[in-house]
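# Results of the structural survey
Spelled out from the first residue to the last, the chains are:
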Amino acid sequence: MHENMGAGEIAGLIAAIAFAVLAGFLIYPLIRLGKLFDQLADTVKETGDHALPALDEGVTTVQQVNKSLADVNEISSAASSTANNIGALTNLYGSFLGKPIIKLASTFYALRATARSFMNKGGQPAQDAKAAAPTKGE
């Protein structure tokens, strides 16, 4: 070194040493920050790798639920159709059997009333079933 160093040169040397020490102190946090960014990138990648299968499973689940709902809709429409068919059959049987049975019952009632009126002593037609029934005193 020069034996005749001036004050400016010593100040420059001190500034250079201070800058080197400061750079040395700043390198360590920058290295740690770089490692943090690497870990963050790995975490994001792993999250993406795990998210895609989860989304696929979610899509599969939604598709299965939609299929189940379609099956339920088919079952409920079949039940509704069956109920409508039973109602139609009831109406059909009612019209086929109901009217003839009513006519048959009214015919038997008329025959019974006529027979009772002939059996009545006075020859008068009976007003109702109780009036046509013979009493114990007769």
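Residues numbered from 1 in each chain as written. Predicted model: local features only at pLDDT ≥ 70, side-chain atom pairs only at ≥ 80, totals over all residues. Heavy atoms only, no water.

## Considerations on the overall build of the protein
Definition in use: Put simply, DSSP marks the helices as runs of H or I at least four residues long and the strands as runs of E at least two long, and each gets a number from the N terminus on. For every residue, the accessible area (1.4 Å probe, protein chains only) is compared with the maximum for its type, and the residue is labelled buried under 20%, exposed over 50%, or partly exposed between those bounds. Throughout, the Shrake-Rupley method with a 1.4 Å probe supplies accessible areas, and for residues the shown protein chains are the sole cover considered.
Helices and strands together make up the secondary structure of the protein, namely 2 helices and 0 strands. In the protein, which comprises 138 residues, the proportion classed as buried is 1%. Summing over all exposed atoms, the protein offers an accessible surface of approximately 12200 Å²; the carbon and sulfur share of this is 67%.

## Notes on the UniProt feature "transmembrane region" (unreviewed entry) in the protein
So the rule is basically this: UniProt positions are given in the numbering used here, feature names are shortened, and annotations may be inferred rather than shown by experiment.
Here, UniProt's "transmembrane region" (unreviewed entry) annotation points to residues 12-31. The span residues 12-31 shows a helical share of 100% and a strand share of 0%, and its end C-alpha atoms are spaced 28 Å apart.

## Quick notes on a nonpolar patch on the surface
Spelled out, the test is: Candidate patch residues must exceed 30% relative accessible area and have no salt bridge, after which like charges are joined if within 9 Å and Val, Leu, Ile, Met, Phe, Trp or Tyr side chains if within 5 Å. The salt bridge criterion pairs a side-chain nitrogen of Lys or Arg with a carboxyl oxygen of Asp or Glu, the two atoms within 4 Å.
A cluster of nonpolar side chains, contributed by Leu 22, Leu 26, Leu 30, Leu 33, Leu 36, Phe 37, Leu 40 and Val 44, occupies part of the molecular surface with about 800 Å² of accessible area. Judged by its relative accessible area of 38%, Leu 33 falls in the partly exposed class.

## A word on the pattern of salt bridges
Enumeration according to the criterion identifies 1 salt bridge in this entry. The salt bridge partner of Asp 49 is Lys 45, with a shortest N-O separation of 3.3 Å. One end of the pair is Asp 49 and the other is Lys 45, both in helix H1 (residues 7-119) and 4 residues apart, which spans about a single turn.

## A short note on H1
Quick note on the threshold: Between the first and last residue of a helix there are one fewer steps than residues, each counted as 1.5 Å, and that sum is the expected span. Here the bend at a residue is taken as the angle between two axes, fitted respectively to the seven residues that end there and the seven that start there.
For H1, spanning 113 residues, the distance from its first C-alpha to its last is 158 Å, which sits close to the expected 168 Å at 1.5 Å a residue. The sharpest bend along H1 reaches about 30 degrees and sits at Gly 94.

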